[in-house]
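Each chain, letter by letter, is given below.
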Amino acid sequence: MENYGIWDEVIHDFGIKTPRVMIGGGFAVVDSVRKIYVLSENIVTLETSEGYVSILGEDISVRTLCDERIELTGEFSGVEFIRSGRPSAKRGVEKNRGEKS
């Protein structure tokens, strides 16, 4: 019998058709993924229903990709959110410890 912990519950409940990103402990999950644009050891750029998400780091690899959800492993250093298709769209960058640039 497999162990089913709190992390598994969070991941299970995470998948609603809304773009969301969760990163912690060398693990990342992005929901509402439509397309993978860039996939390398240092960056993963994804198209979601609301724009683009880039996950930055080192030794990034795909754990699973299924039902509009991607699960990644690696040493993550930042996330970029880029909204598209809206005239007033703004670009935001989130880095470690909530710093914005």
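First things first, this report covers the structure right here in the doc.

Details of the nonpolar core
Ala-28, Val-30, Val-33, Val-44, Leu-46, Val-53, Ile-55, Ile-60, Ile-70, Leu-72, Phe-76 and Val-79 together form the largest nonpolar core, which totals twelve residues. The element contributing the most residues to this core is strand β6 (residues 69-83), with four residues. In this structure, Ile-55 is in contact with Val-21, Ile-23, Val-30, Asn-42, Ile-43, Val-44, Ile-60, Leu-72, Phe-76, Gly-78 and Val-79, ignoring residues within four places of it in sequence.

Notes on the pattern of salt bridges
Per the stated rule, a full pass over the model turns up two salt bridges. Asp-31 is the partner of Arg-69 in a salt bridge, and the nearest nitrogen-oxygen pair spans 2.8 Å. Of this pair, Arg-69 sits in strand β6 while Asp-31 is found in strand β2 (residues 27-31), placing the two residues 38 residues apart along the sequence. We note that Arg-69, like Asp-31, is buried. Two residues, Glu-50 and Arg-83, come together in a salt bridge whose shortest N-O distance is 3.8 Å. In this pair, Glu-50 sits in the loop between β4 (43-48) and β5 (51-66) while Arg-83 sits in strand β6, placing the two residues 33 residues apart along the sequence. The partly exposed category is assigned to Arg-83, whose relative accessible area is 45%.

Observations concerning the environment of Ser-54
One can find Ser-54 in strand β5. Since its relative accessible area comes to 5%, Ser-54 is described here as buried. Remark: the alpha-carbon pair of Ser-54 and Val-44, spanning ten residues in sequence, is separated by 5.4 Å. Filtering out sequence-adjacent residues up to four positions away, Ser-54 remains in contact with Ile-43, Val-44, Thr-45, Gly-78, Val-79 and Glu-80.

Cut-offs used in this document
- Residues numbered from 1 in each chain as written.
- Predicted model: local features only at pLDDT ≥ 70, side-chain atom pairs only at ≥ 80, totals over all residues.
- Heavy atoms only, no water.
- Core = buried A, V, L, I, M, F, W, Y, C linked by side-chain atoms within 4.5 Å.
- Buried < 20%, exposed > 50% of the residue type's maximum accessible area, 1.4 Å probe, protein only.
- Helix = DSSP H or I, 4+ residues; strand = E, 2+ residues; numbered from the N terminus.
- Contact = heavy atoms within 4.5 Å.
- Salt bridge = Lys/Arg side-chain N within 4 Å of Asp/Glu carboxyl O.

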